[in-house]
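Here's the letter readout for the chains.
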Amino acid sequence: MPSINLAPGTEYIIAARRRRQRLYIISIVIVVVFAIGYGVLFFVNQSFSNQDEALKGNIQTVDAQIQKSKTDATRVSLFEKRLTETKTLLDAHVKWDQVFADVERLLPANVTLTGIDAGTDSTTVSIQGATPDMDSVAQAIASLSSGANHASMFSNGEVKEVTRVEQKNGDQTTTGYTFTITLTIDPGKLRAGAPQ
C-alpha cells in the first residue's frame, strides 16, 4: 500500500537532531581530549619544574663541593711542591762533615791544620797547615789524595805554597813549614743525595 507522509519535514528535523547530537558528542569528546591533554602536559610540566629545582639544588651542592675540593687540591698541590723543593734542597745539600772527617782521618799526626777554605759552588778545598818537616807536607798530600790503597773524598791534591818558618824561643831556633794544599773533591760525593 501506498504511504502518505503527514509531516513532510519531520525526517529532516530528526536527521538534523541526530547530526547536532553527533556534533555535541564530538565537541564534548574533543574538549575532554584537550582537557586530558592539557592536564597531562600540566603535570608533566610540574614534574619537569620539580626535577629542574632539584637539579639546581644538586648543582649548587656540587659547586660548593667543587670549590672546597679546589681549595683542598690547591693546598695539596702547594704541599707537594714544597715537599719536592725540600727534597731537592736536601739532595743538593753539601755533606761537609765527610770532608772534615776525611781531612781529620788522613792528615799525618804531626801536621797542624790552621785553616780550610771551601765554597759550596766549587769542587776544590784549600787547606792551610803547619808541620815541623818537609816530609810531612809530602805525606799530607799523599794521604789526602785518593789512591789504590786508601779511599778519600779528594781525587787529587796540589801543593800551592810551602813556606819555611823559623821561630825563636830564647836561644833556641825552631824550623817549621807552613803550606797550602788545594784538593779536588768529587762533586757527587759532596751531595747529601749521593750514595755513601
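Attention here is on the structure that accompanies the text. The model shown is predicted, which means the values in this text are computed figures rather than measured ones.

Basis of the calculations
Residues numbered from 1 in each chain as written. Predicted model: local features only at pLDDT ≥ 70, side-chain atom pairs only at ≥ 80, totals over all residues. Heavy atoms only, no water. Helix = DSSP H or I, 4+ residues; strand = E, 2+ residues; numbered from the N terminus. Contact = heavy atoms within 4.5 Å. Areas by Shrake-Rupley, 256 points an atom, 1.4 Å probe, with all protein chains shown as cover. Phe/Tyr/Trp six-rings, centres within 6.5 Å; stacked < 30°, edge-to-face > 60°. Pairing = 2+ DSSP bridges. Axes fitted to C-alpha atoms, helices over the stretch in contact; angles between N-to-C directions. Buried < 20%, exposed > 50% of the residue type's maximum accessible area, 1.4 Å probe, protein only. Salt bridge = Lys/Arg side-chain N within 4 Å of Asp/Glu carboxyl O.

When its secondary structure is counted, the protein chain shows 4 helices and 4 strands. From first element to last, N terminus to C terminus, the protein chain shows the α and β order α-α-β-β-α-β-β-α. Intrachain contacts of the protein chain at a sequence separation of at least 6 include 58% that bridge at least 24 residues. A total of about 14900 Å² of accessible surface is found on the protein chain, and carbon and sulfur atoms cover 59% of it.

Take the packing of aromatic side chains next. Following the criterion strictly, the structure yields 2 aromatic pairs and no others. Their ring planes at 25° and their centres at 6.5 Å tell us that Tyr38 and Phe42 sit as a pair that is stacked. A residue pair is termed a helical-turn pair when its members lie 3 or 4 positions apart in one helix, as Tyr38 and Phe42 do in helix H1 (residues 10–92) at 4 residues. By way of ring pairs, the aromatic residues Tyr38, Phe42 and Phe43 are connected into one cluster.

This part covers the sheet that holds strand S4 (residues 172–185). Reading across the sheet, the 4 strands line up as S1-S2-S4-S3 and stay open at both edges, with antiparallel pairing between neighbours. Single-partner strands in this sheet number two, and they are strand S1 (112–118) and strand S3 (154–169). Neighbour to neighbour, the strand axes of the sheet diverge by 15° on average, direction disregarded. The pairing of S1 with strand S2 (residues 124–131) spans 6 bridges and is antiparallel. Its bridge partner lying in S2, Ile116 is registered against Ile127.

Attention now moves to helix H3 (residues 134–144). Looking at H3, one finds that the buried residues are Ser136, Val137, Ala140, Ile141, Ser143 and Leu144. Structurally, H3 contributes buried residues whose contacts are with helix H2 (96–106), S2, S3 and S4.

This paragraph deals with the pattern of salt bridges. Pairs can form between side chains of opposite charge once their charged atoms are near each other. Taken as a whole, this structure holds 5 salt bridges when the rule is applied. Taking the shortest distance from any N to any O, the salt bridge between Asp102 and Arg105 comes out at 2.9 Å. Taken together, the positions of Asp102 and Arg105, both in helix H2 and 3 residues apart, correspond to about one turn of that helix. Under the relative-accessibility criterion, Asp102 is labelled buried at 10%.

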